Amino acid sequence: MQKTSKTRILVECALMIALAVVLDILPLPKWPNGGSVSVSMVPIVFLSYRHGAKWGLLTGFAYCIVQMITGFYAPPAGTILAFTLCILLDYVIAFTVLGSADLFAKPFSNKLVGYTVGALIVTFIRFICSFLSGILIWGSSAPEGQPVWLYSLTYNGGYMIPNMILTAGIILVLCLAIDPKTLRRPQKVSANA
């Protein structure tokens, strides 16, 4: 297998970030306090499978910076702690973790199962970040009388559960059609692929 140059990898990372941004601005349902149904996580997860977790995490982190620049939601509490938690939970951890999908896929002997499970795990971690943020930072948005955890679960689950399913499904279909490592049709598509 031919070694890919760092320049080419950086270009692919930049293209995947650009694709993620374009997919994120498509007119899909947007939630009033941030979040939307989107397939924008797919390029970052796919890149992780293509070049490994190191490049995936770097790309995920760069994507989180772009997310902050293009649509930062300031926390309702004006404290340094709330601001820091917002940056960490809603952006840095939530988007950077997408690049670690390859780490979760590696233990599986069946690549397609690994790719799907990896996508589900990283999108679930992103959901956990949003859920915690909803409790710790955005709890003041909960309707009166509703437990904050329930508000966060329903608000964030309303867009993150569809995102998890869409991302894992699209990754499965993509990896059935294209081997992330070679960008060619897989040699054999079988249960042991």
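Our structure's up above, just so we're on the same page.
Asks: Got a minute to help me understand the layout of surface pockets in this structure?
Replies: Taking a probe equal in size to a water molecule and rolling it over the atoms shows the remaining empty space. Within this model, the largest pocket holds a volume of roughly 600 Å³. Gly-34, Gly-35, Gln-67, Tyr-73 and Arg-126 are the residues nearest the centre of the largest pocket, which is lined by 32 residues in total. Among the elements of the structure, helix H1 (6-24), helix H3 (53-71), helix H4 (80-96), helix H6 (111-136) and helix H7 (148-177) are those that each provide at least two residues to the lining of the largest pocket. A per-element tally of the lining of the largest pocket places H7 first, with six residues. For the lining of the largest pocket, a count of residues per class yields 13 nonpolar, 15 polar and four charged.

Asks: Is there a simple way to think about the nonpolar core in this case?
Replies: Of all hydrophobic cores here, the largest spans 44 residues; its most connected members are Val-45, Tyr-49, Phe-95, Leu-98 and Ile-171. For Ile-171, the residues in contact, after removing those within four places along its chain, are Val-42, Val-45, Phe-46, Tyr-49, Tyr-115 and Ala-119.

Asks: Quick question: what am I supposed to make of H6 here?
Replies: Each full turn of the α-helix corresponds to 3.6 residues, which orients residues three or four apart in the same direction. Spanning 26 residues, H6 covers 37 Å between terminal C-alpha atoms, matching the ideal 38 Å at 1.5 Å per step. The distance from a side-chain oxygen at the start of H6 to the backbone nitrogen of Leu-112 is 3.0 Å, and the residue carrying that oxygen is Asn-110.

Basis of the calculations
- Residues numbered from 1 in each chain as written.
- Predicted model: local features only at pLDDT ≥ 70, side-chain atom pairs only at ≥ 80, totals over all residues.
- Heavy atoms only, no water.
- 1 Å grid on protein atoms, 1.4 Å probe; cavity = no way out; pocket = protein on both sides within 12 Å on 5 of 7 lines; lining within 4 Å.
- Points joined across faces, edges and corners; volume = space filled by probe spheres on them.
- Helix = DSSP H or I, 4+ residues; strand = E, 2+ residues; numbered from the N terminus.
- Nonpolar A, V, L, I, M, F, W, Y, C, P; charged D, E, K, R; others polar.
- Core = buried A, V, L, I, M, F, W, Y, C linked by side-chain atoms within 4.5 Å.
- Buried < 20%, exposed > 50% of the residue type's maximum accessible area, 1.4 Å probe, protein only.
- Contact = heavy atoms within 4.5 Å.
- Expected span 1.5 Å × (residues − 1).
- Polar contact = N/O pair within 3.5 Å; in protein donor to acceptor, adjacent residues only side chain to side chain.

Purely geometric numbers; function is a separate question.
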